[in-house]
Amino acid sequence: MKQELIKDQNLNIVLAKKMVLLGKRIKSFRQYKDFTQQYVAFNIGTDKCVISSIELGTRRNVTLYTLIKISSALEVDIEDLFNKL
């Protein structure tokens, strides 16, 4: 039981680090395109705070659907968001 708990904690740490990296990639694409968080949020039908928390890596429950909408708003392929993660 203790080993399973440690394994789950390690997985959560890895996931958190990947979410931070994903957020940085999204921010990088957004800034490269000279888009604001507000612009991206408007185009995917959400609030600026959602985009901000995704870029910071603090939002843990980001769906694939949301990531597809973000990639579309950023005019990049969804695969490009995940490269080098």
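Just so it is clear, the structure is predicted and the values come from calculations on it, not from any experiment. By convention here, each chain's residues receive numbers from 1 onward along its written sequence. Two thresholds apply to this predicted model, a pLDDT of at least 70 for residue-level local features and 80 or more for giving and counting side-chain atom pairs, whereas whole-chain, interface and lining totals are computed over all residues. Side-chain metrics in this entry use all non-hydrogen atoms of the structure; hydrogen atoms and water are not considered.

A. View of the confidence of the model for the protein chain. Per-residue confidence from the predictor is given as pLDDT, running between 0 and 100. Counting all residues, the mean pLDDT for the protein chain is 92, and 95% of those residues have values of 70 or more. Summarising per-element confidence for the protein chain, the mean pLDDT is lowest in helix H1 (residues 2-32) (88) and highest in helix H2 (residues 37-44) (98). Secondary structure counts use DSSP, requiring at least four H or I residues in a row for a helix and at least two E residues in a row for a strand, with both numbered from the N terminus.

B. Inspection of helix H4 (residues 64-73) at higher detail. A 1.4 Å probe rolled over the protein chains alone gives each residue an accessible area, and that area as a share of the maximum for its type sets the label: buried under 20%, exposed over 50%, partly exposed in between. Of the positions making up H4, those classed as buried are Thr 66, Leu 67, Ile 70, Ser 71 and Ala 73. Seen along its axis, H4 keeps its buried residues to an arc of 160°; they face one direction. Projecting away from the buried face of H4 at angles above 90 degrees are the exposed residues Leu 64, Tyr 65 and Ser 72. The positive-phi residue at the C-terminal boundary of H4 is Glu 75, with phi of around 60°. Note that the arc is defined by the directions from the helix axis to the C-beta atoms.

C. Summary view of the pattern of salt bridges. Salt bridges are defined as contacts in which a side-chain nitrogen from Lys or Arg sits within 4 Å of a carboxyl oxygen from Asp or Glu. Counted according to the given criterion, the structure contains 2 salt bridges. The salt bridge involving Arg 30 is made with Glu 55; its shortest N-O contact spans 2.6 Å. Placement of the pair is Arg 30 in helix H1 and Glu 55 in helix H3 (residues 48-56), with a sequence separation of 25 residues. Glu 55 carries the same exposure label as Arg 30, and that label is buried. The salt bridge involving Lys 33 is made with Glu 75; its shortest N-O contact spans 3.6 Å. Of this pair, Lys 33 sits in the loop between H1 and H2 while Glu 75 is found in the loop between H4 and helix H5 (78-82), placing the two residues 42 residues apart along the sequence. Residue class for Lys 33 comes out partly exposed when judged on its relative accessible area of 28%. Look at Glu 75 and you get exposed, because its relative accessible area is 53%.

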